[in-house]
Amino acid sequence: EAGVTQFPSHSVIEKGQTVTLRCDPISGHDNLYWYRRVMGKEIKFLLHFVKESKQDESGMPNNRFLAERTGGTYSTLKVQPAELEDSGVYFCASSQGRHTDTQYFGPGTRLTVL
Amino acid sequence: DQQVKQNSPSLSVQEGRISILNCDYTNSMFDYFLWYKKYPAEGPTFLISISSIKDKNEDGRFTVFLNKSAKHLSLHIVPSQPGDSAVYFCAASPNDYKLSFGAGTTVTVRA
């Protein structure tokens, strides 16, 4: 069974540009999460989807970040316009129904904003 | 504010010996605790978990201990093996889906 996949693996953009990250969760997982790790610090929660609905977006830094999960399958995270402090590794994770079900993480997208 | 803290950024241990990783938390609402392991260029992989109703959970070479009064948990790996060299993240949640992570501890197992 395929794991969580993310695209691209790396992205280098200039300040002010737009970037869209994609996450394909494990098939059948209703829960999808986005996390971010900046500069070797802690991994921070960004938001949580249940199917196509945003359940918790308390970790989204500001309105330059927009996450979508149309149809309840894959998800995209758009940063527009990107700022220097948005650089980091963006992880996607997915899980089954209960909050204690394991969250399976993708390999991450490393975003560098110059 | 960081609610989960791993105060040791790195740990070096000899192969065959015990690795002990520590984690402290501040949120008394946390009731589920996890350890994840991460290799370079990969995502974190679930290792072991413990709920607040227990004080110990064991899975093979890995044992997690929880001290609720001290708001402290630890991960013991025994015996340590070269493949255990990785970054270990402590995480916690307050009976919901949102995980709060520590900054990680890099473990190096020396041959």
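Calculation rules
- Residue numbers run consecutively from 1 along every chain, following the written order of its sequence.
- Here every chain gets a letter starting at A, and every ligand a number starting at 1, in the order they are written.
- In keeping with the predicted nature of the model, local features appear solely for residues at pLDDT of at least 70, side-chain atom pairs appear and are counted solely at 80 or more, and the whole-chain, interface and lining totals rest on all residues.
- Working from all heavy atoms in the structure, the side-chain values ignore hydrogens and water.
- Between 30 and 60 degrees the pair is tilted, below 30 it is stacked and above 60 it is edge-to-face, where a pair is any two Phe, Tyr or Trp rings, Trp via its six-membered ring, whose centres lie within 6.5 Å.
- Two thresholds decide whether a charge sits over a ring: the Lys NZ or Arg CZ must be within 6 Å of the ring centre and within 35 degrees of the ring normal.
- Salt bridge, as used here, is a side-chain nitrogen of Lys or Arg placed within 4 Å of a carboxyl oxygen of Asp or Glu.
- Under the scheme applied here, a residue whose accessible area is under 20% of the maximum for its type counts as buried, over 50% as exposed, and between as partly exposed, the area being computed with a 1.4 Å probe on protein chains only.
- The secondary structure listing takes helices from DSSP runs of H or I that are at least 4 residues long and strands from runs of E that are at least 2 residues long, numbered from the N terminus.
- Any two strands are treated as partners once DSSP identifies two or more bridges connecting them.
- Note on geometry: axes are lines fitted to C-alpha atoms, helical ones only across the stretch in contact, with angles between N-to-C directions running from 0 to 180 degrees.
- Whether two residues touch is decided by their heavy atoms; if any such pair falls within 4.5 Å, the residues are in contact.

Looking at the packing of aromatic side chains
For any pair of aromatic rings, the description rests on two quantities: the centre-to-centre distance and the angle between the ring planes.
No. 1: In this structure the tally under the stated criterion is 13 aromatic pairs over all chains.
No. 2: Aromatic side chains Tyr 33 of chain A and Tyr 35 of chain A sit 6.3 Å apart centroid to centroid with 35° between the ring planes, which places their arrangement in the tilted category.
No. 3: Every member of this aromatic cluster is reached through a ring pair, and the members are Tyr 33, Tyr 35, Phe 45, Phe 91 and Phe 105 of chain A together with Tyr 36, Phe 46, Phe 89 and Phe 101 of chain B.
No. 4: A cation sits over an aromatic face here: Arg 22 of chain A above Tyr 74 of chain A, 3.8 Å from the ring centre.

Considerations on the pattern of salt bridges
No. 1: Under the definition given, this model contains nine salt bridges over all chains.
No. 2: Asp 24 of chain A serves as the salt-bridge partner of Arg 22 of chain A, at 2.8 Å between the closest nitrogen and oxygen.
No. 3: With relative accessibility at 33%, the residue Arg 22 of chain A sits in the partly exposed group.
No. 4: Salt-bridge contacts for Asp 84 of chain B lead to Arg 61 of chain B; the nearest nitrogen and oxygen are separated by 2.8 Å. Placement of Asp 84 of chain B in the loop between β8 (72-77) and β9 (86-93) and of Arg 61 of chain B in the loop between β6 (56-59) and β7 (62-67) is noted, with a sequence separation of 23 residues between them.
No. 5: Put simply, Arg 64, Glu 85 and Asp 86 of chain A are held in one network by salt bridges that share partners.

Focus on the sheet that holds strand β7 (residues 65-68) of chain A
Residue and element names in this part refer to chain A.
No. 1: Taken in spatial order, the four strands of this open sheet run β1-β3-β8-β7, and their pairing is antiparallel. Strands at the two margins of the open sheet, each flanked by one partner only, are β1 (5-7) and β7. Here the strands of the sheet are splayed against their neighbours by 15° on average, with no regard to which way each runs.
No. 2: Sheet topology note: the strand β3 (residues 19-24)/strand β8 (residues 75-79) ladder contains five bridges and is antiparallel. In the sheet register, Arg 22 faces β8, and the bridge partner there is Thr 76.

Description of the environment of Thr 108 of chain B
All names here are of chain B.
No. 1: By secondary structure assignment, the location of Thr 108 is in strand β11 (residues 105-110).
No. 2: A relative accessible area of 41% means that Thr 108 is categorised as partly exposed.
No. 3: C-alpha separation for the pair Thr 108 and Gly 83, spaced 25 residues apart in sequence, amounts to 9.3 Å.
No. 4: Once you skip the residues sitting within four places of it in the chain, Thr 108 turns out to touch Leu 11, Ser 12, Val 13 and Ser 85.

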